[in-house]
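For reference, the chains in residue letters:
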Amino acid sequence: MRLEARFKWLPTPFRSLLLFTVWLLLNNSVSAGHIILATILAIVIPLITYRFRTKQPLIIKPWRAFTHLLLVLYDIITANVEVAIKILGPTKKLRPGFVLVPLDIDQAMPITILASTVSLTPGTVSAEVYPWPESVKSGEKPERKYLLIHVLDLTDEQALIDTIKSRYEAPLKEIFEC
């Protein structure tokens, strides 16, 4: 993998800055020796590890990512209250179930964020992404991926699918331009 000329010495500038800062914070010192060592580590470690990185999509709309984060935090809080009410009530009324949500996104990072978002929201847990990556080793792109979700109280499967696709997947498509 050849680095672009502008990133020859800093293939991942933000990671280099993070390494530099963390080194100084861990040592609790800004002496000349620590600054020199932090600089060397901030340049050398990304150069050595750059070839092992998998290419991830870039965040195209950071403001949209921030508003999506706020939406997810709001949903986590409201879902906590809803789940608490359901659990404190008669548990015989709960209808747990599994739902397959068809995905329009196909990149690993947005799918991981979507699965994590679903799992962070109480009452739902992401169980699997189908098809298995191992089943597609032939190099063919699968026709469609699905996210298997376990739901604590499943009343309307299609409404849940529509909510996940419009509330979580659609913003991720915008953020990453999938």
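Below or above, wherever it landed, is the structure these notes cover. (Residues numbered from 1 in each chain as written. Predicted model: local features only at pLDDT ≥ 70, side-chain atom pairs only at ≥ 80, totals over all residues. Heavy atoms only, no water.)

A few points about the pairing of strand β1 (residues 97-103)
Next up, step 1: For β1, the tally of buried residues reaches five of seven residues, placing the bulk of the element in the interior.
Next up, step 2: The sheet contact formed by β1 and strand β3 (residues 145-151) spans seven bridges and is antiparallel. Its bridge partner being in β3, Leu103 is matched across the sheet by Lys145. (Buried < 20%, exposed > 50% of the residue type's maximum accessible area, 1.4 Å probe, protein only. Helix = DSSP H or I, 4+ residues; strand = E, 2+ residues; numbered from the N terminus. Pairing = 2+ DSSP bridges.)

Focus on the nonpolar core
Next up, step 1: The biggest cluster of nonpolar side chains holds 21 residues, and the ones touching the most others in it are Val99, Val101, Leu114, Leu147, Ile149 and Ile164.
Next up, step 2: Per-element tally for this core: the top contributor is helix α5 (residues 157-176), with seven residues.
Next up, step 3: What Val101 contacts, discounting residues up to four positions off in sequence, is Lys145, Tyr146, Leu147, Ile149, Ile161, Ile164 and Lys165. (Core = buried A, V, L, I, M, F, W, Y, C linked by side-chain atoms within 4.5 Å. Contact = heavy atoms within 4.5 Å.)

Some thoughts on the packing of helix α4 (residues 108-120) against α5
Next up, step 1: Running from amino to carboxyl end, α4 crosses α5 at an angle of 150 degrees, the nearest separation of the two axes being 10 Å. Seen along the crossing, α4 lies across α5 with a hand that is right-handed. Contacts between α4 and α5 pair Met109, Pro110, Ile113, Leu114, Thr117 and Val118 from the former with Ile164, Tyr168, Glu169, Leu172 and Phe176 from the latter.
Next up, step 2: Considering only residue class, the contact of α4 with α5 consists of nine nonpolar, one polar and one charged. (Axes fitted to C-alpha atoms, helices over the stretch in contact; angles between N-to-C directions. Left-handed = near helix turned anticlockwise from the far one by under 90°. Nonpolar A, V, L, I, M, F, W, Y, C, P; charged D, E, K, R; others polar.)

Comments concerning α4
Next up, step 1: A rise of 1.5 Å per residue sets the reference length of α4, with its 13 residues, at 18 Å; its end C-alpha atoms lie 18 Å apart and thus fit the reference within 8%.
Next up, step 2: Residues of α4 that are buried: Pro110, Ile111, Leu114, Ala115, Thr117 and Val118. Here the buried residues of α4 occupy an arc of 160 degrees about the axis, which is enough to place them on one side. Looking at α4, the residues exposed on the side facing more than 90 degrees away from the buried face are Ala108 and Leu120.
Next up, step 3: Packed against the buried residues of α4 are α3 (62-88), β1, β2 (124-130), β3 and α5. (Expected span 1.5 Å × (residues − 1). Arc of directions from axis to C-beta.)

Observations regarding the packing of helix α1 (residues 13-27) against helix α2 (residues 32-49)
Next up, step 1: The interhelical angle for the contact between α1 and α2, taken along N-to-C directions, is 145 degrees, at an axis separation of 8 Å. Crossing geometry of α1 relative to α2 is assigned as right-handed. When α1 is examined against α2, the residues Ser16, Leu19, Phe20, Trp23, Leu24 and Asn27 are found in contact with a partner set consisting of His34, Ile35, Leu37, Ala38, Thr39, Leu41, Ala42, Ile45 and Pro46.

Remarks on the packing of aromatic side chains
Next up, step 1: A full pass over the atoms with the stated rule returns one aromatic pair.
Next up, step 2: Residues Trp63 and Phe66 carry aromatic rings whose centres are separated by 5.5 Å and whose planes lie at 35 degrees to one another, so their mutual orientation is tilted. With Trp63 and Phe66 both in helix α3 and three residues apart, this pair spans about one turn of that helix.
Next up, step 3: Judged by relative accessible area, Phe66 falls into the partly exposed class, the value being 40%. (Phe/Tyr/Trp six-rings, centres within 6.5 Å; stacked < 30°, edge-to-face > 60°.)

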